[in-house]
Amino acid sequence: TQNLLATLFSFVNLTRWGLSWPLLIISAMGLVLFILRGKRSEKLAVVWIAIYSIFFALAKFQMVRYILPIVPFLALAGAFSILSVCRWLKERSLHWMLYLFTCMIIISLGWTFLYTVAFENIMSGEIRTEAGRWISKNIPENSKIGMVRDPWQFEIPPLNKEKYRLDRKSVV
């Protein structure tokens, strides 16, 4: 149960912060089309996504970055769904709907692009470095800084150990 929740959490985060909901929907449509009427190579992409997802679900550590190998296949599925819908609308001479669908795709891709740029701007700084600067500027020398556990260089801000006293026992 815990692995399932962790897998769902990672998948939702990949969707929310990585792909965006419109691209997920377009990709899901493509995966369904791959299964229903795709060629053997397209069904192979679905098999890859399924097998990789099973291994991911069984893994001990489930971080969003570990799902990234399936993203290119989701993008291919999304492109397949877009082309299939455009072809279907064109064959039925529904040109007004084709234009509407094209506008929806442009809006979806534009939204995803703007969302990606905004997310990159928010997350571009290294939080540990920013915290180290703040501590150097605002915390007086010889102050005791409490640590939850033994300091590890990748989990704490860069601190001058001669300027501050790092104390693991001071945190309750």
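Before reading further, recall that the structure is shown in the block above.
Residues numbered from 1 in each chain as written. Predicted model: local features only at pLDDT ≥ 70, side-chain atom pairs only at ≥ 80, totals over all residues. Heavy atoms only, no water.

Engineer: Describe the overall build of the chain, with residues and values.
Structural biologist: Helix and strand counts for the chain stand at 6 helices and 2 strands. Every one of the 172 residues in the chain was classed for burial, and the buried ones make up 27%. Pairs at least 24 residues apart make up 56% of the contacts formed inside the chain by residues separated by at least 6 positions. (Helix = DSSP H or I, 4+ residues; strand = E, 2+ residues; numbered from the N terminus. Buried < 20%, exposed > 50% of the residue type's maximum accessible area, 1.4 Å probe, protein only. Contact = heavy atoms within 4.5 Å.)

Engineer: How would you explain the nonpolar core if you had to name every residue and give the values?
Structural biologist: Across soluble globular proteins, nonpolar side chains have a tendency to be buried as a group. In this structure, L31, F34, I49, I67, I70 and L74 are the most contacted members of the largest nonpolar core, which totals 14 residues. For this core, the secondary structure elements donating two or more residues are α1 (2-19), α2 (21-37), α3 (40-58) and α4 (71-91). Ranked by the residues each element gives to this core, the list is headed by α3, at 4 residues. Ignoring sequence-local partners within four residues, the contact set of L74 consists of L19, S27, L31 and I49. (Core = buried A, V, L, I, M, F, W, Y, C linked by side-chain atoms within 4.5 Å.)

Engineer: Any chance you could break down a nonpolar patch on the surface for me, citing the residues and the numbers?
Structural biologist: Side chains of F11, V12, W21, I25, M29 and W111 sit close together on the surface and give an oily, nonpolar patch of about 560 Å² of accessible area. Top contributing element to the nonpolar patch by residue count: α2, with 3 residues. Structurally, V12 is set in helix α1. The partly exposed category is assigned to V12, whose relative accessible area is 31%. (Patch = residues over 30% accessible without salt bridge, like charges linked within 9 Å, V, L, I, M, F, W, Y side chains within 5 Å. Areas by Shrake-Rupley, 256 points an atom, 1.4 Å probe, with all protein chains shown as cover. Salt bridge = Lys/Arg side-chain N within 4 Å of Asp/Glu carboxyl O.)

Engineer: Tell me about α3, residues and numbers included.
Structural biologist: Across its 19 residues, α3 extends 27 Å between first and last C-alpha, which sits within 8% of the 27 Å expected from 1.5 Å per residue. Regarding α3, the residues found buried are E42, A45, V46, I49 and F56. Relative to the axis of α3, the buried residues are bounded by an arc of 95° and lie together on one face. Exposed residues pointing more than 90 degrees away from the buried face of α3 are listed as R40, S41, L44, F55 and L58. (Expected span 1.5 Å × (residues − 1). Arc of directions from axis to C-beta.)

Engineer: Outline the pattern of salt bridges, supporting the account with residue identities and numerical values.
Structural biologist: A complete count under the given rule lists 2 salt bridges for this structure. Salt-bridge contacts for E91 lead to R92; the nearest nitrogen and oxygen are separated by 3.5 Å. Residue class for E91 comes out exposed when judged on its relative accessible area of 57%. Between E130 and R133 there is a salt bridge whose closest N-O contact spans 3.0 Å. Of the two residues, E130 and R133 both sit in helix α6 (residues 127-138), 3 residues apart, roughly one turn of that helix. The exposure class assigned to R133 is exposed, which follows from its relative accessible area of 53%.

Engineer: So, α2: which residues are in play, and what are the values?
Structural biologist: Between its first and last C-alpha, α2 extends 24 Å over 17 residues, near the 24 Å set by a 1.5 Å rise per residue. For α2, the full list of buried residues reads P22, L24, I26, S27, G30, L31, L33 and F34.

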